[in-house]
Amino acid sequence: MAEAALRIVTVSDFNLANLNAYLAHDEQEPRVEAVETPFGNVHQLLMDPGAACWAEPADAVLLWTRPQAVVPLFGRVLDGEAVSHDDVLAEVASFAALLARLGDRAPTVLVPSWTMPPGHRGLGMLDLRPGVGVAHLLARMNLALAEALAAVPGFFLLDADRWLRDATRPYLPKSWYMGKFAFGNDVFQDAVADVKAALRGLRGQARKLVIVDLDETMWGGIVGEVGWEGLVLGGHDPEGEALVDFQEALKGLTNRGVALGIVSKNEESVALEAIDKHPEMRLRRDDFAGWRINWRDKAANVAELAKEVNLGLQSVVFLDDNPVERARVREALPEVLVPEWPADKTQYRKALLALRCFDLPALSDEDRQRVRMYAQDRRRKDTLTDMQSLDEWLHSLGMQITVAPLDASNLARAAQLLNKTNQMNLATRRMTEKEFAAWAAADGHWVWTFRVADKFGDQGLTGIVSLAREDDRGCIADFLLSCRVMGRRVEEAMIAVAFDRARREGLREVVARFEPTAKNKPCLRWWEESAFAKDDGDAHVFRLPTETDYPVPAHIELRTPEHA
């Protein structure tokens, strides 16, 4: 069954009919139903919660304005009047406060940044002078708006100036005078692409793994033929310099929580020698979550590598210079994103940075450390092969789990985990930070976050359990765990925390209802193998009386805030 379209209310002081049409017909996920409002009524729509556009719940609001239309003093600055810039910024603050009201009408509000009116040069050579220039003032206005909205959950400022820079015809005067279209259609198309990227990020659909070919993609030349010394990489060669820049852009993605992998048809020892020894390589072994360097089918290798790092194919991007290999992976693995790749190596970096599949609503320390965590996980797996049993291996890890209630310090990461975890997820609830915090604050609700560490390093915040009191029962509302730590009995420790609270609250039993999706069968298997019993009338409901003993596994040291 096709997923329902998201209802997006668009509000503007100019005509957004063309943008709304692009939103409705764009083939990229998610599908969108654009709800058009009369343009020019921005303040009325912000102040009137009873307006027709708010009659039905909205999934998001897109509010796109021209600065002179909503900040009147800025319009006077554009006309050359001597106006205090501080007074203009005060008007921006008032407008931001009005915008914040939209938080009660939609969980997500997207606000394109303000741009200079087309063709307006401001004060020329004085335009960036503090306290004088129009461009300087507009930059301050955007920063003030961004800082004000950053404090409001669910609000995101989009960089509209980039859409104008990339447009061939950003503005058509005739379109404005005939239909009040403030921008050309290529600007609207770019805007739709960024809006869709933001919505995917908010829904946990950002790509998390980039798998790259080696020969003629990571470097120039065939390493098996010319050796690592003969590769085109760096130096004073245009393509060599471009490939170094491409590698640095890939490495930059790892700082956003995107993992890297290699799938290449090569002799593994020869390829790894090049990675280890070439002085111009910017990416080394520890920068990769894993690799498949052999002569097998690349589609099979991509699927196998994704499984190894516990990511679904919908999280994968595959980059290869060879159009035949791209077509093969695209056909065999339709969930994998396989962008067309330029023949010109000097375009590689630009092509990578133009991809709109990595957007996230928040960037946590765990995201930035993900590559390091993958390297630690490889070392864990290496130790497993040396152990006689799984229990021996688990005890050797020295696992510590730190439990903390949901609060402002962990809300962003917890909401991110809530919205992207698929396999070990009991209910697969998707909520914004604001919605999750509100649920947790309700009477009879408890939410705990779990950080997992061992002798190899800290895995970060990887688990969430929430409990809701329903009469004399404690109902598990959320139970989710990152794939990185599945199978180490962390799951039991998490349930033990909720079970202990239910017992101390005098509840009779703990109940969990499994909500099946296409991806969470591992979670069902865990509950079926747990100490909980299936309900006689519903195989997806699991129960355990609180009089039952439910201890934390012996190999895990559980730390609470009081004892951390």
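### A short note on a negative patch on the surface
Move 1: A cluster of acidic residues, Asp-237, Glu-239, Glu-241, Asp-245 and Asp-344, forms a negative patch at the surface.
Move 2: Here Glu-241 is to be found in helix H11 (residues 238–254).
Move 3: Of the residues examined, Glu-241 reaches a relative accessible area of 41% and is grouped as partly exposed.

### Considering the packing of aromatic side chains
Move 1: All told, the structure shown has 18 aromatic pairs when counted by the stated rule.
Move 2: Measuring from ring centre to ring centre gives 5.0 Å for Trp-526 and Trp-527, while their planes differ by 90°; the resulting arrangement is edge-to-face. In this structure, Trp-526 and Trp-527 share a single accessibility class: buried.
Move 3: Consider the rings of Trp-527 and Phe-542, whose centres lie 5.9 Å apart with planes at 35°: the pair is tilted. Residue Trp-527 is located in helix H22 (residues 521–529), and its partner Phe-542 is located in strand S16 (residues 541–545); the two are separated by 15 residues in the primary sequence.

### Notes on a nonpolar patch on the surface
Move 1: Residues Leu-123, Met-125, Leu-126 and Val-132 make up a contiguous nonpolar surface patch of roughly 400 Å² in combined accessible area.
Move 2: Relative to the elements of secondary structure, Leu-126 occurs in the loop between strand S4 (109–112) and helix H6 (134–150).
Move 3: Here Leu-126 falls in the partly exposed class, since its relative accessible area comes to 33%.

### Side note on helix H19 (residues 411–420)
Move 1: The buried fraction of H19 amounts to 9 of the 10 residues, a majority that puts the element mostly inside the structure.
Move 2: Within H19, the full set of buried residues consists of Leu-411, Arg-413, Ala-414, Ala-415, Gln-416, Leu-417, Leu-418, Asn-419 and Lys-420.

### Here we look at the packing of helix H5 (residues 85–99) against H6
The description of two packed helices rests on the angle between their axes and on the distance between the axes.
Move 1: It is the contact of H5 with H6, at a shortest axis distance of 9 Å, that shows an interaxial angle of 30°. In this structure, H5 crosses over H6, and the sense of that crossing is right-handed. Within the contact between the two elements, H5 uses His-85, Asp-86, Val-88, Leu-89, Val-92, Ala-96 and Leu-99 and H6 uses Leu-137, Arg-140, Met-141, Ala-144, Leu-145, Ala-148 and Leu-149.
Move 2: Among the residues forming the contact of H5 with H6, the class breakdown is 11 nonpolar, 1 polar and 2 charged.

### Focus: the sheet that holds strand S9 (residues 316–319)
Move 1: Judged by pairing direction, the sheet is parallel, and its 4 strands sit side by side in the order S8-S7-S6-S9 without closing on themselves. Both edges of this open sheet fall to strand S8 (290–294) and S9, since each of them pairs with a single strand only. Across the sheet, the axes of successive neighbouring strands diverge by a mean angle of 15°, strand direction being ignored.
Move 2: For strand S6 (residues 209–212) and strand S7 (residues 259–265), the ladder comprises 4 bridges, and the chain directions are parallel. Bridge pairing links Val-210 to Leu-260 in S7.
Move 3: Strand contacts of helix H12 (residues 268–277): S7 and S8, with the helix running at about 130° to S8, the strand carrying the most contacts.

### Some remarks on the pattern of salt bridges
Move 1: Here the structure, examined in full by the defined rule, presents 40 salt bridges.
Move 2: Residues Glu-340 and Arg-330 are paired through a salt bridge, measuring 2.9 Å at the closest nitrogen-oxygen approach. Within this pair, whereas Glu-340 is found in the loop between helix H14 (323–332) and helix H15 (348–353), its partner Arg-330 is found in helix H14, the two being separated by 10 residues in sequence.
Move 3: Under the relative-accessibility criterion, Glu-340 is labelled exposed at 54%.
Move 4: Exposure remark for Arg-330: the relative accessible area of 31% places this residue in the partly exposed category.
Move 5: Across the pair Arg-469 and Glu-505 runs a salt bridge whose closest N-O atoms are separated by 2.9 Å. Of the two residues, Arg-469 is situated in strand S12 (residues 457–470) and Glu-505 in the loop between helix H21 (490–504) and strand S14 (509–513); the sequence distance between them amounts to 36 residues.
Move 6: For Glu-505, a relative accessible area of 31% translates into the label partly exposed.
Move 7: Salt bridges linked by common partners bring Asp-159, Arg-162, Asp-190, Asp-194 and Arg-356 together as one network.

### Side note on H14
Move 1: Where H14 is concerned, the buried positions are Glu-325, Arg-326 and Val-329. Seen end-on, H14 carries its buried residues on one side only, within an arc spanning 100°. What points out from H14, more than 90 degrees from its buried face, is the exposed set Pro-323, Val-324 and Glu-331.
Move 2: By the N-cap criterion, in which a side-chain oxygen at the helix start approaches the backbone nitrogen of a residue two or three places on, H14 is capped by Asn-322, the distance to Val-324 being 2.8 Å.

### Things to note about unusual backbone geometry
Move 1: Residues Glu-29 and Pro-30 are joined by a peptide bond in cis, for which omega reads -5°.
Move 2: With respect to the helices and strands, Pro-30 occurs in the loop between helix H1 (17–25) and strand S2 (32–36).
Move 3: Even without being glycine, Asp-471 reaches a positive phi, approximately 55°.
Move 4: Positionally, Asp-471 belongs in the loop between S12 and strand S13 (473–481).
Move 5: A relative accessible area of 73% means that Asp-471 is categorised as exposed.
Move 6: In this structure, Arg-489 takes a positive phi of about 70° despite not being glycine.
Move 7: Tracing the backbone shows Arg-489 in the loop between S13 and H21.
Move 8: Classification of Arg-489 as partly exposed rests on a relative accessible area of 33%.

### Considering the environment of Asp-359
Move 1: Along the chain, Asp-359 falls in the loop between H15 and helix H16 (365–368).
Move 2: Among residues more than four places away in sequence, those in contact with Asp-359 are Ala-197, Ala-198, Gly-201, Ala-206 and Arg-256.

### Some points on the sheet that holds strand S3 (residues 60–64)
Move 1: Reading across the sheet, the 5 strands line up as S2-S1-S3-S4-S5 and stay open at both edges, with parallel pairing between neighbours. The outermost strands of the open sheet, each flanked by one partner alone, are S2 and strand S5 (155–158). Each adjacent strand pair in this sheet contributes to an overall mean axis angle of 25°, direction not counted.
Move 2: Pairing of S4 with S5 involves 4 bridges; the strand directions are parallel.

So, how was this worked out
- Residues numbered from 1 in each chain as written.
- Predicted model: local features only at pLDDT ≥ 70, side-chain atom pairs only at ≥ 80, totals over all residues.
- Heavy atoms only, no water.
- Patch = residues over 30% accessible without salt bridge, like charges linked within 9 Å, V, L, I, M, F, W, Y side chains within 5 Å.
- Areas by Shrake-Rupley, 256 points an atom, 1.4 Å probe, with all protein chains shown as cover.
- Salt bridge = Lys/Arg side-chain N within 4 Å of Asp/Glu carboxyl O.
- Lys, Arg positive; Asp, Glu negative; His and termini not counted.
- Charge placed at Lys NZ, Arg CZ, Asp CG, Glu CD.
- Helix = DSSP H or I, 4+ residues; strand = E, 2+ residues; numbered from the N terminus.
- Buried < 20%, exposed > 50% of the residue type's maximum accessible area, 1.4 Å probe, protein only.
- Phe/Tyr/Trp six-rings, centres within 6.5 Å; stacked < 30°, edge-to-face > 60°.
- Axes fitted to C-alpha atoms, helices over the stretch in contact; angles between N-to-C directions.
- Left-handed = near helix turned anticlockwise from the far one by under 90°.
- Contact = heavy atoms within 4.5 Å.
- Nonpolar A, V, L, I, M, F, W, Y, C, P; charged D, E, K, R; others polar.
- Pairing = 2+ DSSP bridges.
- Arc of directions from axis to C-beta.
- Polar contact = N/O pair within 3.5 Å; in protein donor to acceptor, adjacent residues only side chain to side chain.

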